Amino acid sequence: DARMRFVKRNNRLPFGGVQLLMIGDMYQLPPIVKDHEWSKMRDYYASQHFFEARALKESGFVYVELDKIFRQRDDAFIAILNNLRDNCVTPSDIQTLNEHFLEEKNVPKDVITLTTHNYKADSINRQALDGLEGETFYFQAQVKDDFPERIFPVAESLELKKGARVMFVKNDADGDAYYNGRLATVSSINEKEIEVVMDGSTEPYTLKQEKWENKKYTVDDTVKDLQEEVIGTFSQFPIKLAW
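Just so you know, the residues in each chain are numbered from 1, in the order the chain's sequence is written. Local features in this predicted model are restricted to residues whose pLDDT is 70 or higher, and side-chain atom pairs enter the listing and the counts only when it is 80 or higher, whereas totals over whole chains, interfaces and linings include all residues. To get the side-chain values, take all heavy atoms of the structure and skip hydrogens and water.

J.: Sorry, what's going on with the overall build of the chain here?
T.: Strands are runs of DSSP state E lasting at least two residues, helices are runs of H or I lasting at least four, and both sets are numbered from the N terminus onward. Scanning the chain from terminus to terminus reveals six helices and ten strands. C-alpha atoms define the radius of gyration in this analysis, and the globule rule sets the expected value at 2.2 Å times the number of residues to the power 0.38. Relative to the globule expectation of 18 Å for 243 residues, the C-alpha radius of gyration of the chain, 24 Å, shows a markedly less compact shape. Judged by the C-alpha coordinates and their principal axes, the chain covers about 65 × 60 × 40 Å. Throughout, a contact is declared for two residues whenever any of their heavy atoms are within 4.5 Å. The contacts in the chain between residues at least 6 apart in sequence include a share of 50% that link residues at least 24 apart. Using the Shrake-Rupley algorithm and a 1.4 Å probe, accessible areas are obtained, with residue cover drawn only from the displayed protein chains. If you sum the accessible surface of the chain, you get close to 19000 Å²; carbon and sulfur atoms cover 50% of it.

Written as structure tokens, this is what we have:
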């Protein structure tokens, strides 16, 4: 708020009079504020949430809720998820979920494991990859100009074997062959080419590299418009290990 008032040379209106679009989910994790920070902030704010900001209270805001679910189609499952989200789970919900419980010895091999931390997922993927027979192949990303390691979308060096379980991390830019989150298994591999079979399909698909761009934005004072400049690129196969 303070920065925008200064930049727009308008100290009368919140955010200098600029219209903002804020997107978020209030049911996700709360803001992370350190104890020593909150010890100072609590004298000015009722809570750590964004809506306590004085600029928002002064200007007000229009609240729009997106309530259409795209990732699930099972109405019963959707109802359970919503109850979990609202913290009002019923005994019937628990019973339904428990009906799908399997002891570890009965869990199918192709079931993906969800973890709470990346290092746990990395450990599971490493153990599963090492357990596969056959030759290991490495595919190095092409990094050009300014593309910092901290924003790499996938591993700079991709390590794979035949039989590896993988997940796409990008939508197909040229069609609908794959999408972010789709699972597949490496069916054939050599130094130059990777073939996978998508879950739910029997046809092999030859992977192609995708390009990610690191962009810089500037304001053109002449036309008063936002200018986009690509300052770096990262090219790699759009997959990661996914056991």
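J.: What is the right way to read the sheet that holds strand β7 (residues 204-206) from this model?
T.: Strand pairing in a sheet relies on backbone hydrogen bonds. The paired strands run either parallel or antiparallel. At least two DSSP bridges between two strands are required for those strands to pair. Here five strands make up an open sheet; going across it, the order is β7-β6-β5-β4-β10 and the pairing antiparallel. Lying at the two open borders of the sheet, with one neighbouring strand each, are β7 and β10 (239-241). The mean inter-strand angle of the sheet, taken between neighbouring strand axes irrespective of direction, is 45°. Each axis is a line fitted through C-alpha atoms, taken for helices only over the stretch in contact, and angles between the N-to-C directions span 0 to 180 degrees.

J.: Would you explain the sheet that holds strand β9 (residues 225-236) in this entry?
T.: The sheet built from three strands is open, its strands ordered β2-β9-β8 with antiparallel pairing. Among the strands making up the open sheet, the edge pair consists of β2 (142-145) and β8 (210-220). On average, each strand axis in the sheet is inclined to that of its neighbour by 30°, with strand direction left out of account. Both β8 and β9 contribute to a ladder of eleven bridges, which runs antiparallel. Pairing of threonine 218 across the sheet is with glutamine 227, part of β9.

J.: What's the story with the environment of leucine 183 in this structure? I'm lost.
T.: Relative to the helices and strands, leucine 183 resides in strand β5 (residues 183-189). On a C-alpha basis, the gap between leucine 183 and leucine 29 in space is 27 Å, while along the polypeptide they are 154 residues apart. Setting aside residues up to four positions removed in sequence, leucine 183 forms contacts with Ile112, Arg165, Val166, Met167, Met198, Asp199 and Ala242.

J.: Help me understand the side chain of lysine 161, please; the structure alone is not making it clear to me.
T.: Within the secondary structure, lysine 161 is located in the loop between β3 (157-160) and β4 (165-168). For the buried lysine 161, no salt bridge is present, and the opposite-charge side chain at shortest range is aspartate 130, 5.2 Å distant. Definition of a polar contact: a pair of N or O atoms within 3.5 Å, with one able to donate and the other able to accept a hydrogen when the atoms are protein atoms, and with sequence-neighbouring residues admitted only if both atoms are side-chain atoms. At 3.2 Å, the side chain of lysine 161 and the backbone oxygen of leucine 129 are in polar contact. Ignoring sequence-local partners within four residues, the contact set of lysine 161 consists of Leu129, Asp130, Leu132, Glu133, Gly134, Glu135, Thr136, Val186 and Ile189. Working definition: with a 1.4 Å probe on protein chains only, accessible area under 20% of the residue-type maximum means buried, over 50% means exposed, and in between means partly exposed. Counting rule for charge: Lys and Arg are taken as positive, Asp and Glu as negative, and neither His nor the chain ends is counted. For this document, the term salt bridge refers to a Lys or Arg side-chain nitrogen within 4 Å of an Asp or Glu carboxyl oxygen.

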